[in-house]
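If you want the building blocks of each chain, they are given just below.
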Amino acid sequence: MSNMSLKDTLYFANDHAGVELKTALMTHALSLGYEAIDLGTNTQDSVDYPDYARIVALKLKENQNGIGILICGTGIGMSISANRHPWIRAAVCGKNLKIAKLARAHNHANVLCLGARFIETGPAKKTLETFLTTPFEGGRHENRVKKL
Ligand code: RB5
């Protein structure tokens, strides 16, 4: 798996806290030419974030070139849940684009977690774009990622 290509699929899922941000980011991703799949939830009814993290994790088991975007109130519940799956490298990123860049370049993150209650839509779009367009550097990071 190398750099994200526009042909690779994005899998979006969220709990009730993330519906609005998910919708905005999906629209943005589609406008940039990515294939984006919405795995729910799409109502304000309270749901449990581990259920949605699991749905995305299972998609990424089938499609190892895919990228997941998981949104909850803080991003933390989604990241803890997603990282229970050995093939997932989920990173919570905020508006600091350097973190989003390093999550990909050094950690080869395949899931971006966002906290809808802690990031505005504009910065979240930038974070998503940075995450998607940054390639894994490999090299000295290859062994470290293998050891995860
Ligand atoms: C839901 O209220 C909230 O707990 C959830 O979205 C998330 O922030 C958990 O990590």
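Starting from 1, residues in each chain are numbered consecutively following that chain's sequence as written. Totals for whole chains, interfaces and linings use all residues, but because this is a predicted model, local features are given only for residues with pLDDT of at least 70 and pairs of side-chain atoms are given and counted only at 80 or more. Think of the side-chain values as coming from all heavy atoms in the structure, minus any hydrogens and water.

Colleague: Is there a simple way to think about the site of the ligand in this case?
Modeller: Definition of nearness: a residue and a molecule or strand are near each other if at least one heavy atom of the residue lies within 4 Å of the molecule or strand. Neighbouring residues of the ligand: Asp15, His16, Ala17, Tyr49, Cys72, Gly73, Thr74, Gly77 and Arg117. At 2.5 Å from an oxygen atom of the ligand is found a side-chain nitrogen or oxygen belonging to Asp15. Here a polar contact is taken to be a pair of N or O atoms separated by no more than 3.5 Å, where protein atoms must pair a possible hydrogen donor with a possible acceptor and residues adjacent in sequence count only if both atoms sit in side chains. At a separation of 2.7 Å, an oxygen atom of the ligand approaches a polar backbone atom of Gly73. A 1.4 Å probe and the Shrake-Rupley method give the accessible areas. Residues count as covered only by the protein chains that appear here. Calculation on the ligand without its partners gives an accessible area of 290 Å², and the protein chains cover 72% of this total.

Colleague: Whenever I open this one, the nonpolar core confuses me. Can you help?
Modeller: A general trend in soluble globular proteins is that nonpolar side chains are found buried together. In this structure, Leu10, Phe12, Leu25, Ile69 and Leu128 are the most contacted members of the largest nonpolar core, which totals 23 residues. Going through the elements one at a time, strand S1 (9–14), helix H1 (19–31), strand S3 (67–72), helix H4 (97–105), strand S5 (111–115) and helix H5 (121–133) are the ones with two or more residues in this core. Once residues within four sequence positions are removed from consideration, Leu25 is found in contact with Phe12, Ile71, Leu114, Ala124, Lys125 and Leu128. Nonpolar cores are built from buried Ala, Val, Leu, Ile, Met, Phe, Trp, Tyr and Cys residues. Side-chain atoms within 4.5 Å join them into one set. To sort residues, take the accessible area from a 1.4 Å probe on protein chains only and compare it with the maximum for the residue type: under 20% means buried, over 50% means exposed, and anything in between is partly exposed. Core analysis: the next-biggest nonpolar cluster, separate from the first, contains 17 residues, Ala53, Val56, Val111 and Cys113 among them. Labels follow the DSSP assignment, with helices taken as runs of H or I lasting at least four residues and strands as runs of E lasting at least two, numbered in each case from the N terminus. Whether two residues are in contact is decided by their heavy atoms: any pair within 4.5 Å suffices.

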